[in-house]
Amino acid sequence: MRTIRQCVGMIEKTSDCIEVRVTASSRDEADRICSAVVERRLAAGAQVVAPIESTYWWAGQIQHSDEWLLLMTTTTERFEDLARCVRELHSYEVPQIIASALVAGTPDYLEWIRRETVPRSGG
């Protein structure tokens with residue numbers, strides 16, 4: 001088993017990798033969005049989290065909805081294109097599309113994110 005001190009040497013600080021969170025109205029919508037962003041190399045990977053219950057203001061009223069949470073890893077450079085893709089496929093007028101910086105991660109994982117989000121010819 002590694003000690004914390006040993007693991008610290010295996011961590012790279014990053015300023016270019018992010019996790020993007022989106023909520024979707026159905027599992028089908030969540031799956032479509034995840035598949036599209038990965039196929040288009042806008043995200044290295046995407047996960048769908050089991051249904052969550054959301055409470056929020058909309059149209060002057062408090063709303064309660066069952067939604068699906070999407071977590072996508074990408075780079076800051078690809079964020080605008082990823083957000084555009086999500087909006088294309090999303091049913092909401094104002095979908096939640098927010099990003100959090102990945103402050104640190106293992107060098108091999110961060111490199112994988114960078115490598116898999118490089119645009120390919122035709123994509």
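Note that the coordinates shown come from a computational prediction; the quantities given were computed from them, not determined experimentally.

Q: Which parts of the structure should I look at to understand the layout of surface pockets?
A: In this approach a probe as big as a water molecule rolls over the atoms, and the regions it shows empty are the leftover space. What the largest pocket holds in volume is close to 230 Å³. Forming the walls of the largest pocket are Thr 23, Tyr 56, Trp 57, Trp 58, Glu 67, Tyr 92, Glu 93, Val 94, Pro 95 and Gln 96. Tallying contributions element by element places strand β3 (residues 45-58) first for the lining of the largest pocket, with three residues. Class assignment for the residues of the lining of the largest pocket results in six nonpolar, two polar and two charged.

Q: Got a minute to help me understand the packing of aromatic side chains in this structure?
A: Here the distance between the centres and the angle between the planes together describe a pair of aromatic rings. Going through the model one piece at a time under the given rule, you end up with one aromatic pair. An angle of 35° between the planes, with centres 5.4 Å apart, marks the rings of Tyr 109 and Trp 112 as tilted. Of this pair, Tyr 109 and Trp 112 are both found in helix α4 (residues 107-116), three residues apart, which corresponds to roughly one turn of the helix.

Q: Help me understand the pairing of β3 in this model?
A: Residues in a regular strand project their side chains so that they alternate between the two faces of the sheet. In the sheet, β3 pairs with strand β4 (residues 61-75) via twelve bridges, with the strands oriented antiparallel. Paired with Ser 54 across the strands is Ser 65, a residue of β4. If you look at the hairpin formed by β3 and β4, you'll find two residues sitting between the two strands, and Ala 59 has a positive phi there, around 55°.

Q: Would you mind showing me how to read the nonpolar core here?
A: Looking at soluble globular proteins, one finds that nonpolar side chains tend to be buried together. With 19 residues, the main nonpolar core has Val 20, Val 22, Val 37, Leu 70, Met 72, Leu 82 and Val 86 as its most contacted residues. The element contributing the most residues to this core is helix α2 (residues 27-39), with five residues. When residues no more than four places from it in sequence are discounted, the contact partners of Leu 70 are Val 20, Arg 21, Val 22, Ala 24, Ala 30, Ile 33, Cys 34 and Gln 47.

Q: Explain the side chain of Glu 116 here, please?
A: Here Glu 116 lies in helix α4. Dropping the residues within four chain positions of it, Glu 116 is found in contact with Arg 41 and Ala 44.

Q: How should the sheet that holds β4 be read in this particular structure?
A: Consider a sheet: its strands pair through backbone hydrogen bonds, and that pairing is either parallel or antiparallel. Spatial strand order, β3-β4-β2-β5: four strands in an open sheet with antiparallel pairing. If you trace the sheet from one side to the other, it starts and ends with β3 and β5 (97-101), each paired once. With strand direction ignored, the average angle separating the axes of adjacent strands in the sheet is 30°. Note: strand β2 (residues 17-24) against β4, eight bridges, orientation antiparallel.

Q: Is there a simple way to think about the environment of Glu 77 in this case?
A: Note that Glu 77 resides in the loop between β4 and α3 (79-89). A sequence separation of 59 residues divides Glu 77 from Ile 18, and the C-alpha atoms of the two residues are 9.7 Å apart.

Q: Mind showing me how you'd approach the pattern of salt bridges here?
A: In a structure, side chains of opposite charge can pair up when their charged atoms sit close to one another. Under the criterion given, the structure shown has eleven salt bridges. The shortest N-O distance in the salt bridge between Glu 116 and Arg 41 comes to 2.3 Å. Here Glu 116, found in helix α4, pairs with Arg 41, found in the loop between α2 and β3; they are 75 residues apart in sequence, far enough to count as distant. On the basis of relative accessible area, Glu 116 is assigned to the buried category, the value being 19%. For Arg 41, a relative accessible area of 23% translates into the label partly exposed. Each of the salt bridges in this network shares a partner with another, and the network as a whole consists of Arg 41, Arg 115, Glu 116 and Arg 120.

What counts and what doesn't
- Residues numbered from 1 in each chain as written.
- Predicted model: local features only at pLDDT ≥ 70, side-chain atom pairs only at ≥ 80, totals over all residues.
- Heavy atoms only, no water.
- 1 Å grid on protein atoms, 1.4 Å probe; cavity = no way out; pocket = protein on both sides within 12 Å on 5 of 7 lines; lining within 4 Å.
- Points joined across faces, edges and corners; volume = space filled by probe spheres on them.
- Helix = DSSP H or I, 4+ residues; strand = E, 2+ residues; numbered from the N terminus.
- Nonpolar A, V, L, I, M, F, W, Y, C, P; charged D, E, K, R; others polar.
- Phe/Tyr/Trp six-rings, centres within 6.5 Å; stacked < 30°, edge-to-face > 60°.
- Pairing = 2+ DSSP bridges.
- Core = buried A, V, L, I, M, F, W, Y, C linked by side-chain atoms within 4.5 Å.
- Buried < 20%, exposed > 50% of the residue type's maximum accessible area, 1.4 Å probe, protein only.
- Contact = heavy atoms within 4.5 Å.
- Axes fitted to C-alpha atoms, helices over the stretch in contact; angles between N-to-C directions.
- Salt bridge = Lys/Arg side-chain N within 4 Å of Asp/Glu carboxyl O.

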